[in-house]
Amino acid sequence: MSHPFENLPTTPTAEEVIDKAFSRATRAGGAKEGVEAQQSMLMTASNIVSDNLQNVAQSWPTIDDLDPFYVELADAIVGDAYPADDDPGIDALKQHLSEVSWAGRKAKEIRQEYEGRLVRGDKDTARKLRKQAFARMADVVEEVEDDLAAVSKARDALKGIPDIRPDEPTVVVAGYPNVGKSSFVNRVTRADNEIASYPFTTTQIRVGHFEDQRIRYQLVDTPGLLDRPPEERNEIESQAVSALEHVADAVLVLVDPSEECGYPLDQQLDLRDDIEARFDAPVLTIANKSDRSTDVEADHYMSVTENDNVDAVLQAAIDAVGYEIELPFDDE
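Described in the following lines is the structure provided in the data block. Worth saying up front: this structure is predicted, and the values here are computed from it rather than measured. (Residues numbered from 1 in each chain as written. Predicted model: local features only at pLDDT ≥ 70, side-chain atom pairs only at ≥ 80, totals over all residues. Heavy atoms only, no water.)

### Description of the pairing of strand 6 (residues 283–287)
Consecutive side chains along a regular strand alternate between the two faces of the sheet.
Move 1: Taken across its five residues, strand 6 has five buried, putting it largely inside the fold.
Move 2: Here strand 6 shows a buried face lined by Val283, Thr285 and Ala287 and a second buried face lined by Leu284 and Ile286.
Move 3: Note that strand 5 (residues 250–255) and strand 6 share five bridges and pair parallel. When the bridges of strand 6 are listed, Val251 appears paired with Val283.
Move 4: Crossover strand 5 to strand 6 through helix 9 (residues 265–278) is right-handed.
Move 5: By the bridge criterion, two bridges tie strand 6 to strand 7 (residues 300–301) in an arrangement that is parallel. (Buried < 20%, exposed > 50% of the residue type's maximum accessible area, 1.4 Å probe, protein only. Helix = DSSP H or I, 4+ residues; strand = E, 2+ residues; numbered from the N terminus. Pairing = 2+ DSSP bridges. Right-handed = clockwise from strand over helix to strand, strands pointing away.)

Printed below as a string of structure tokens:
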């Protein structure tokens, strides 16, 4: 399973669509003569323009049917990709796709308008009419040149988003840098941790998986988002945090009471309080580096480096998620 934007095809430019349509049409016309050649050229060009543009629009998932996590995340990412738009974000993308779809339909309408006229004319008239049709099709494609470019930009940005699956029970791991988040995720998940970047941050996100009672869980470590105070996040990063709220079934906030991480404990707890206020999911305070200090009130204490109490923390996360497989059963 992959995220809904991973396999989107490359978006052609307006120039590529026009060149492809007219070069193929020329070849198609060369195989025939007279009016029939002009008809063949018109049909070929129209089909290629229409198919290419409709494919751009139809290859995208229906935005309104997506999980709220992906809608909100896409809104943030596309907003970053379209900063100059009057209404940047997912609504702008929907409008661009709508315009491309319109152009695809318009190419068919132009063909239908000229088909009958071609049949009734002689060879020279047919050639003139076909040229008129080509000019109008080219105008239509050029009219959506900026829309195609915008769709291409959104596709490139969304293609590389982290593969977080909203249908899997999810534990988000938060806390200031150097408190042991990555070490914890690496310790309790399989070695095939996926590392990806949000397109609008320079930092990476880690997604690891583990299984318990045949249930697959995902652990999400979010450097660049949940490792600093909310006032330090830009608008797009804040929106990405909002997206994470849709998938988090539990949040582990790691704190380092020894303060060796470089951040005062009060500051770390303030971040924990903000996360508790934002997320509807259970939020557990986990004091790491318990071999150095336990001088904080926490739900659990552990030391990842000493492998002390790590399994108990993982079990606490599983219990907080409280996920149960829905089994089919007979009501009778």
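### Some remarks on unusual backbone geometry
Move 1: For Asn307, which is not glycine, the phi dihedral falls at a positive 55 degrees.
Move 2: Take Asn307: it is sitting in the loop between strand 7 and helix 10 (310–321).
Move 3: With a phi close to 70 degrees, Asn309 is a non-glycine residue in the positive phi region.
Move 4: Tracing the chain through its elements places Asn309 in the loop between strand 7 and helix 10.
Move 5: For Asn309, a relative accessible area of 34% puts it in the partly exposed group.

### With respect to the packing of helix 3 (residues 68–81) against helix 8 (residues 235–247)
Move 1: At a minimum axis separation of 8 Å, helix 3 and helix 8 run at an interaxial angle of 170 degrees. In this view, helix 3 runs roughly antiparallel relative to helix 8, as classed from their interaxial angle. Contact residues: Pro68, Phe69, Glu72, Leu73, Asp75, Ala76 and Asp80 in helix 3; Ile236, Gln239, Ala240, Ser242, Ala243, Leu244, His246 and Val247 in helix 8.
Move 2: Considered class by class, the residues forming the contact of helix 3 with helix 8 number nine nonpolar, three polar and three charged. (Axes fitted to C-alpha atoms, helices over the stretch in contact; angles between N-to-C directions. Parallel < 35°, antiparallel > 145°, perpendicular 65-115°, else oblique. Contact = heavy atoms within 4.5 Å. Nonpolar A, V, L, I, M, F, W, Y, C, P; charged D, E, K, R; others polar.)

### Observations concerning the pairing of strand 5
Move 1: Most of strand 5 sits out of view: six of its six residues are buried.
Move 2: Burial along strand 5 is two-sided: the residues Ala250, Leu252 and Leu254 and Val251, Val253 and Val255 are all buried.
Move 3: In this sheet, strand 5 lies alongside strand 1 (residues 170–174) in parallel orientation, the contact comprising four bridges. Each residue of the ladder has a partner; that of Ala174, found in strand 5, is Val253.

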